[in-house]
Amino acid sequence: RVFLIDDHRSILWGLERLIDSGKPAMQVVGSAANCTEAFKLIEGAAPDVILLDIDLGKENGIDGIPKLMSLSPAKILVLTGLRDKSVHDEAVLAGASGVVEKESPAETILTAIVKVHDGQIWLDRVSTGRVFVEFSREGAAHAADPERVKIASLTYRERELVAVTTSNAGATAK
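Attention here is on the structure that accompanies the text. (Residues numbered from 1 in each chain as written. Predicted model: local features only at pLDDT ≥ 70, side-chain atom pairs only at ≥ 80, totals over all residues. Heavy atoms only, no water.)

## Observations regarding the side chain of aspartate 6
- Considering the arrangement of structural elements, one finds aspartate 6 in the loop between β1 (2–5) and α1 (9–20).
- A polar side-chain atom of aspartate 6 sits 2.9 Å from the main-chain amide nitrogen of histidine 8.
- Residue contacts for aspartate 6: discarding those within four places in its chain leaves Ile11, Leu12, Ala32, Ala33, Asp53, Leu56 and Lys102. (Helix = DSSP H or I, 4+ residues; strand = E, 2+ residues; numbered from the N terminus. Polar contact = N/O pair within 3.5 Å; in protein donor to acceptor, adjacent residues only side chain to side chain. Contact = heavy atoms within 4.5 Å.)

Structure representation (structure tokens):
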């Protein structure tokens, strides 16, 4: 069950024909021209995979990934014509399960949908390395900051007292 999000109607039409050629194994359950439209339709469609374009005219598909993930348990596969690998990495770091380029052969797009549906990540080796390094950097940044750990361990009341104390510098202790 695949839901399509792309701002080009001709692309949507072609993808629907391509995916529906794989019936009964896969079928299109809905489509939208942007994330705003998709947010309204996604729950009713109950997809297993969302095929999302990054460049949606006035919208950036990457910005919609967190909300799509909150509305549906479907896995997100980005289908894009953008060749900037940093944008691909950004999509995966936002929660996408993979990236496939629009220039890819039809068989590759269908295979990517199946693999993502099966729980695999669809990335080339170089992209996988870049994303892994980025994840490890984020983890190291959080682990290396002992002050952040101390602040996170404070209770709500302790944080409230620190805020009052620091905002009233020069006040009496009473």
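## Overview of the packing of helix α2 (residues 35–45) against helix α3 (residues 61–71)
- For the pair α2 and α3, interaxial distance at closest approach is 10 Å and the crossing angle is 15°. Accordingly, the angle class assigned to the pair α2 and α3 is roughly parallel. The crossing of α2 and α3 is right-handed. Residue-level inspection shows Cys35, Ala38, Phe39, Ile42 and Glu43 of α2 in contact with α3, the latter providing Gly61, Gly64, Lys67, Leu68 and Leu71.
- Looking at side-chain class alone, the contact of α2 with α3 contains six nonpolar, two polar and two charged residues. (Axes fitted to C-alpha atoms, helices over the stretch in contact; angles between N-to-C directions. Parallel < 35°, antiparallel > 145°, perpendicular 65-115°, else oblique. Left-handed = near helix turned anticlockwise from the far one by under 90°. Nonpolar A, V, L, I, M, F, W, Y, C, P; charged D, E, K, R; others polar.)

## A word on the pairing of strand β3 (residues 49–52)
- What you see with β3 is no split at all: Val49 and Leu51 on one side and Ile50 and Leu52 on the other are buried throughout.
- Pairing of β1 with β3, which is carried by four bridges, proceeds in the parallel orientation. Paired with isoleucine 5 across the strands is leucine 52, a residue of β3.
- Relative to strand β6 (residues 75–80), β3 runs parallel, the two sharing four bridges. Across the sheet, residue valine 49 finds its bridge partner in β6, namely lysine 75. (Buried < 20%, exposed > 50% of the residue type's maximum accessible area, 1.4 Å probe, protein only. Pairing = 2+ DSSP bridges.)

## Focus: the pattern of salt bridges
- By the definition in use, this model includes four salt bridges.
- Residue lysine 102 is joined to aspartate 53 by a salt bridge in which the shortest nitrogen-to-oxygen separation is 3.1 Å. One end of the pair, lysine 102, is in the loop between β7 (98–101) and α5 (106–117); the other, aspartate 53, is in the loop between β3 and β4 (55–56), with 49 residues separating them in the sequence.
- Two residues, glutamate 103 and arginine 83, come together in a salt bridge whose shortest N-O distance is 3.9 Å. Of the two residues, glutamate 103 sits in the loop between β7 and α5 while arginine 83 sits in the loop between β6 and α4 (85–94), which places them 20 residues apart along the sequence.
- On the accessibility criterion, glutamate 103 (46% relative accessible area) is partly exposed. (Salt bridge = Lys/Arg side-chain N within 4 Å of Asp/Glu carboxyl O.)

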